[in-house]
Amino acid sequence: MIRKLTSDKHTQPFRGPFSITRVQTGDILGNDAKDTAFGPLSYIDHAVMQKGLTIKMHEHVNDEILSYVWRGKMYHRDSAGIEVAVTPGNLMMMNAGKSFWHEEKVKQDHVEMLQIFVRPRETDLNPDIQFHEKPIANRDWYLMAGPEGSEAPLFVRQNVYIFDAHPKQGDQLNIPSYKNFIPFLYVMDGEITAGELIVRKYEAITDLDEALPVIQINKDSTLVLFLVDMNAQMSLMGTISGVK
């Protein structure tokens with residue numbers, strides 16, 4: 001049975017020049033939820049950052065964080081001296097491990113992005129940072145991140161795969177499936193139909209028992225798909241991902 005997470009379930013811990021809609025992924029499980037997370041997939045922060053905003057240097061510990069910019073350009077600077085523009089064509093993965101410090105700045109037009117928090121497989125791993133250039137208008141699924149040793153261009157130290165797609169109105173999309181991995185499909189923008197459900201911006205669907213059906217694209221959309229090992233070993237010591 002398809003389960004839907006509606007947008008009215010989300011909180012907004014920050015509003016103003018830096019606004020976050022916090023998707024608590026475990027809410028999709030309803031009364032079956034034992035945690036705020038969907039297995040090791042913790043929060044998805046759907047953020048809007050206004051021009052001129054600077055989020056000063058701050059620390060993450062034991063968070064695996066994929067920064068996925070949909071619109072605009074976010075400038076990253078970290079304690080190692082690395083300065084990179086994160087854009088719709090350039091992904092950033094912070095493997096915070098035992099400690100990672102960084103700053104974010106918006107110099108031009110506003111940014112709309114996701115910061116995706118995954119719980120690592122264990123505590124206090126060595127910190128790392130990765131970048132990857134990708135297509136920006138892929139209508140079919142593009143694999144962005146996956147476990148170490150997988151075919152994914154970015155690694156996350158957990159049994160989680162992350163894809164995106166930008167289908168157009170009238171398209172149909174098959175949902176990738178891996179044995180023993182459960183899907184969590186988030187609509188960043190647009191509108192789709194899955195089975196008898198209409199799913200809009202800020203909403204998500206899953207099916208704990210079967211593969212998701214072919215989806216119909218009602219409006220041009222941006223979709224982010226997670227395939228999650230719900231039984232994976234994980235650390236609960238993350239600055240953000242570890243919060244239950």
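Details of the structure are given in the entry above.
As the structure is a prediction and not an experimental result, all values here were calculated from the model.

(A) Molecular detail of the overall build of the protein. Check the secondary structure of the protein and you find zero helices and 20 strands. Taking the contacts inside the protein whose residues are at least 6 apart along the sequence as the reference set, 73% of them involve residues at least 24 apart. In the form shown here, the protein has an accessible surface area of approximately 10,700 Å², with 46% of it arising from carbon and sulfur atoms. Distance between charge centres in the protein, computed from 25 positive and 32 negative side chains, equals 5 Å.

(B) Examining the pattern of salt bridges more closely. Applying the stated criterion across every chain, the model contains 13 salt bridges. Note that Arg 121 and Glu 122 form a salt bridge whose closest N and O atoms lie 2.7 Å from each other. Classification of Arg 121 by relative accessible area gives partly exposed; the value is 30%. One salt bridge connects Lys 168 with Asp 220, and the closest N-O pair in it is separated by 4.0 Å. One end of the pair, Lys 168, is in the loop between strand 15 (160-165) and strand 16 (172-173); the other, Asp 220, is in strand 20 (residues 215-228), and 52 residues separate them in sequence. Residues joined by salt bridges that share partners form a network here, namely Glu 112, Asp 189 and Lys 201.

(C) Layout of the nonpolar core. Residues Ile 116, Ile 162, Phe 184 and Phe 226 are the most contacted members of the largest nonpolar core, which totals 29 residues. With residues near it in sequence (within four places) discarded, Ile 116 still touches Leu 41, Tyr 43, Ile 44, Glu 64, Ile 65, Leu 66, Ile 162 and Phe 226.

(D) Layout of the side chain of His 132. Along the chain, the position of His 132 falls in strand 12 (residues 128-133). Looking at His 132, its side chain comes within polar contact range of the side chain of Tyr 142, at 2.6 Å.

(E) Representation of the packing of aromatic side chains in the model. Following the criterion strictly, the structure yields six aromatic pairs and no others. Centre to centre, the rings of Phe 38 and Phe 184 are 5.2 Å apart; their planes meet at 55°, and the pair counts as tilted. With Phe 38 in the loop between strand 3 (18-24) and strand 4 (41-49) and Phe 184 in strand 17 (residues 182-194), this residue pair connects regions lying 146 residues apart in the sequence. Considered together, Phe 38 and Phe 184 belong to a single accessibility category, that of buried residues. Ring centres of Tyr 161 and Tyr 178 lie 4.6 Å apart, and the angle between their planes is 90°; this geometry places the pair in the edge-to-face category.

(F) Here's a closer look at the pairing of strand 13 (residues 142-147). Summarising burial for strand 13: five of the six residues are buried, a large majority. In this structure, strand 13 lies alongside strand 15, joined through three bridges in antiparallel fashion. By the bridge assignment, Ala 145 is partnered in strand 15 with Ile 162. Where strand 13 and strand 14 (residues 154-156) come together, three bridges link them in parallel fashion. Each residue of the ladder has a partner; that of Pro 147, found in strand 14, is Val 156.

(G) Inspection of the environment of Val 214 at higher detail. Within the secondary structure layout, Val 214 lies in the loop between strand 19 (204-207) and strand 20. Along the sequence, Val 214 and Leu 173 sit 41 residues apart, while their C-alpha atoms lie 5.6 Å from each other. When near neighbours in sequence (up to four residues on either side) are disregarded, Val 214 contacts Gln 172, Leu 173, Asn 174 and Thr 193.

(H) Up close: the sheet that holds strand 5 (residues 54-60). Read from one edge to the other, the open sheet built from four strands follows the order 5-10-7-8, with strand pairing classed as antiparallel. For this open sheet the edge positions go to strand 5 and strand 8 (83-86), each flanked by a neighbour on one side alone. Within this sheet the neighbouring strands show an average axis-to-axis angle of 25°, counted without direction.

(I) Looking closely at the pairing of strand 4. With eight of nine residues buried, strand 4 is to be regarded as a mostly interior element. Here strand 4 runs beside strand 11 (residues 111-118); their pairing, made up of seven bridges, is antiparallel. The partner of Ala 47 across the bridge, within strand 11, is Met 113.

(J) Highlighting the environment of Thr 6. Mapped onto the fold, Thr 6 is located in the loop between strand 1 (2-5) and strand 2 (11-14). Owing to a relative accessible area of 25%, Thr 6 belongs among the partly exposed residues under this scheme. For the pair Thr 6 and Lys 201, spaced 195 residues apart in the sequence, the C-alpha separation amounts to 9.3 Å. Polar contacts involving the side chain of Thr 6 include one to the side chain of Asp 8, which spans 2.4 Å.

Conventions and cut-offs
- Residues numbered from 1 in each chain as written.
- Predicted model: local features only at pLDDT ≥ 70, side-chain atom pairs only at ≥ 80, totals over all residues.
- Heavy atoms only, no water.
- Helix = DSSP H or I, 4+ residues; strand = E, 2+ residues; numbered from the N terminus.
- Contact = heavy atoms within 4.5 Å.
- Areas by Shrake-Rupley, 256 points an atom, 1.4 Å probe, with all protein chains shown as cover.
- Lys, Arg positive; Asp, Glu negative; His and termini not counted.
- Charge placed at Lys NZ, Arg CZ, Asp CG, Glu CD.
- Salt bridge = Lys/Arg side-chain N within 4 Å of Asp/Glu carboxyl O.
- Buried < 20%, exposed > 50% of the residue type's maximum accessible area, 1.4 Å probe, protein only.
- Core = buried A, V, L, I, M, F, W, Y, C linked by side-chain atoms within 4.5 Å.
- Polar contact = N/O pair within 3.5 Å; in protein donor to acceptor, adjacent residues only side chain to side chain.
- Phe/Tyr/Trp six-rings, centres within 6.5 Å; stacked < 30°, edge-to-face > 60°.
- Pairing = 2+ DSSP bridges.
- Axes fitted to C-alpha atoms, helices over the stretch in contact; angles between N-to-C directions.

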